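One letter stands for each residue in the lines below.
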Amino acid sequence: MKQFVLLALMTMLGATAALHAPYWGVLLYYTLAVLRPQYLWSWALPVDVRWSLLAAMAVFLGLAINLARISLRNAANVVVGLMVGYGLLLALGTLTAYDPITAQVWGVEYAKVMLLALIASAVIEHWWQLRLMALMVLLSLGYIAWEINFLYFFQGGRLDIFHYGYGGLDNNGAGLMIGMGLPFAYAFAVWACKGSWWWKAGACAVLGGCIIHAVMMSYSRGAMLATALGMGWILLHHRPRLQAAGVALALTLAVSTLAGQEIRERFLSTLDYKTDHSAQSRLDSWHAAWMIAWEDPLLGKGIRNSNRYSANYGADLQGRTIHNQYLQIAADSGFPAAIVYISMLAAALLRLGRARRMCANWLDEHETSPDATRRQVHQAQALCLAMQGSLIIFAVDGVFLSLELFELPWLLIVLGGVAPPILERYLNGLDASIQAEDEAPANTSAPTTQPPLPWTTAPRLNTEGLAP
């Protein structure tokens, strides 16, 4: 009952706030999309309530009320342009699909996800809003990982994430989703360490440990490999290098402590892919997708139509999913759509890199700025790096999975697109604040011409004629 009350209160507050600013509705929507409470608390929630639909309705209503105040200055970026182009290619492919019903069903889901992403691009205007989105991702995925670990340690070693997956995803998708939260645990822990909030750094470390162990318990080799590569990218670009080495050592100790014999054998079995049935089935699916894509290279078979034909081209099962994000899109929607999708991912990563460099340049140019201000810029730099790492985790694991409608990477793509203009305004605001503080003493200082002292203006006595 308390879970239902909490979720109802959160939805009511978010929807009410969305009437004032659509951002709050977008935050509510993506919180529900990442947390997926209908699966987390399925035993306590009514099955007929569509929470995400309520959040989306709040977004649309808030957008209609505040349409005159919505600025598109952040949405005018290359990522949004590629997203619109990708949507047009999907729509065109749906019209020519071999199985139009399947394509239309998936096309409607695509439209929902991409429409909310485009709205998010328009309503996320300030750095604190972007930072709050990142914190939401950490808390949501950290809580899911905590619950998974609780079931394992206190409920008789239950491995629900391996047997049942999570949130409608199998163990591979669930492992990927949770692994994408680890970079955010890093970012907030590093920021807390630069201040005096060691307890916050400790809390982030606990959440990071829960995430690492949850990914291992999924037994997903792709999620483990992608998470390792994403964190490797982060540590490679983290400064100072001595601190990066310390984080790498802590992660190594955590992995070696938490990984049991079965998990180690599962991960190392990747090297023996020639005799591994799962790996061979994926290779067969990739070959089938490549052949299908070349039959209809411009528009493909239609969204998720390639699954119907994959067995005819060598896949091991009828209806086999391609298990590769990029080949799936190429077979379903053609090579142009796949190229635009990859370009969209690359553009988001590049723009996040640009935002990181903006922070680094600011820190170099303001070495004497107040420590509190420098900590804020360090946090912005760490969060941009974390978003890069999380997107890299998704992009790498996309080689082994087909998750086109997974909302979290779409949110990160949006944040990557809007990060540079938001950070530019944020840093300019810090410059103005520092300049105002520097000029304040000059404006309030005493004038150069001092007023006469009181005793210097006292009337003089006329001593003429007085006796000496």
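A few points on the structure.

Turning our eyes to something else, we now look at the overall build of the protein chain. The helix and strand tally for the protein chain stands at 20 helices and 0 strands. Taken over the C-alpha atoms alone, the protein chain extends approximately 130 × 50 × 45 Å along its principal axes. Classification of the 468 residues of the protein chain by burial places 50% in the buried group. The long-range share in the protein chain, meaning contacts at least 24 apart out of those at least 6 apart in sequence, stands at 81%. Taken as a whole, the protein chain presents about 22600 Å² of accessible surface, with 66% of it coming from carbon and sulfur. Within the protein chain, one finds 29 positive and 29 negative side-chain charges whose respective centroids are separated by 2 Å.

Bringing the packing of helix α5 (residues 78-95) against helix α6 (residues 100-123) into the picture now. Remark: α5 packs on α6, axes separated minimally by 11 Å, with the N-to-C direction vectors making an angle of 165°. Taken together, the axes of α5 and α6 are roughly antiparallel relative to one another. Considering how the two elements wind past one another, α5 and α6 form a crossing that is left-handed. For the pair α5 and α6, the contacting residues are Val80, Met83, Val84, Tyr86, Gly87, Leu90 and Thr94 in the first and Ala103, Gln104, Tyr110, Met114, Ala117, Leu118 and Ser121 in the second. Here the residues of the contact of α5 with α6 are counted per class, giving 10 nonpolar, 4 polar and no charged.

Attention now moves to the pattern of salt bridges. By the definition in use, this model includes 7 salt bridges. Note that Glu109 is salt-bridged to Lys112, the shortest N-O span being 3.4 Å. Of this pair, Glu109 and Lys112 both sit in helix α6, separated by 3 residues, roughly a single helical turn. What makes Glu109 partly exposed here is its relative accessible area of 35%. Here Arg304 and Glu404 are joined by a salt bridge, their closest N and O atoms 2.7 Å apart. Placement of Arg304 in the loop between α15 (277-295) and α16 (306-309) and of Glu404 in the loop between α19 (371-397) and α20 (407-444) is noted, with a sequence separation of 100 residues between them. Overall, Arg304 belongs to the buried group, its relative accessible area being 10%. With a relative accessible area of 2%, Glu404 lands in the buried category.

Mapped onto the elements, Arg158 comes out in the loop between α7 (127-154) and α8 (160-163). The residues touching Arg158, leaving out its near neighbours within four places in the chain, are Leu151 and Tyr152.

For the rest of this paragraph, the subject is the layout of surface pockets. As a volume, the largest pocket reaches approximately 950 Å³. As for the largest pocket, its lining consists of 33 residues, of which Tyr29, Gln38, Ser52, Glu109 and Glu407 are closest to the centre. Those elements giving two or more residues to the lining of the largest pocket turn out to be α2 (22-35), α3 (37-40), α4 (51-65) and α6. Looking at the lining of the largest pocket, the element that brings in the most residues is α6, giving 6 residues. The class makeup of the residues in the lining of the largest pocket is 20 nonpolar, 6 polar and 7 charged.

Residues separated by three or four positions in an α-helix point in the same direction, a consequence of the helix having 3.6 residues per turn. The first and last C-alpha atoms of α19 sit 39 Å apart over 27 residues, in line with the 39 Å expected at 1.5 Å per residue. Burial analysis of α19 places 19 of its 27 residues in the buried class, which makes it a mostly covered element.

The full count for this structure, using the stated rule, is 1 cavity of 30 Å³ or more. In this structure, the largest cavity occupies an estimated 40 Å³ of space. As for the largest cavity, its lining consists of Tyr86, Leu90, Tyr110, Ile303, Gln328, Ile329, Asp332, Ser333 and Glu404. Counting residues per element, the ones that place at least two in the lining of the largest cavity are α5 and α17 (325-333). Counting residues per element, the lining of the largest cavity draws most heavily on α17, which supplies 4 residues. Here the residues of the lining of the largest cavity are counted per class, giving 5 nonpolar, 2 polar and 2 charged.

Parameters at a glance
- Residues numbered from 1 in each chain as written.
- Predicted model: local features only at pLDDT ≥ 70, side-chain atom pairs only at ≥ 80, totals over all residues.
- Heavy atoms only, no water.
- Helix = DSSP H or I, 4+ residues; strand = E, 2+ residues; numbered from the N terminus.
- Buried < 20%, exposed > 50% of the residue type's maximum accessible area, 1.4 Å probe, protein only.
- Contact = heavy atoms within 4.5 Å.
- Areas by Shrake-Rupley, 256 points an atom, 1.4 Å probe, with all protein chains shown as cover.
- Lys, Arg positive; Asp, Glu negative; His and termini not counted.
- Charge placed at Lys NZ, Arg CZ, Asp CG, Glu CD.
- Axes fitted to C-alpha atoms, helices over the stretch in contact; angles between N-to-C directions.
- Parallel < 35°, antiparallel > 145°, perpendicular 65-115°, else oblique.
- Left-handed = near helix turned anticlockwise from the far one by under 90°.
- Nonpolar A, V, L, I, M, F, W, Y, C, P; charged D, E, K, R; others polar.
- Salt bridge = Lys/Arg side-chain N within 4 Å of Asp/Glu carboxyl O.
- 1 Å grid on protein atoms, 1.4 Å probe; cavity = no way out; pocket = protein on both sides within 12 Å on 5 of 7 lines; lining within 4 Å.
- Points joined across faces, edges and corners; volume = space filled by probe spheres on them.
- Expected span 1.5 Å × (residues − 1).

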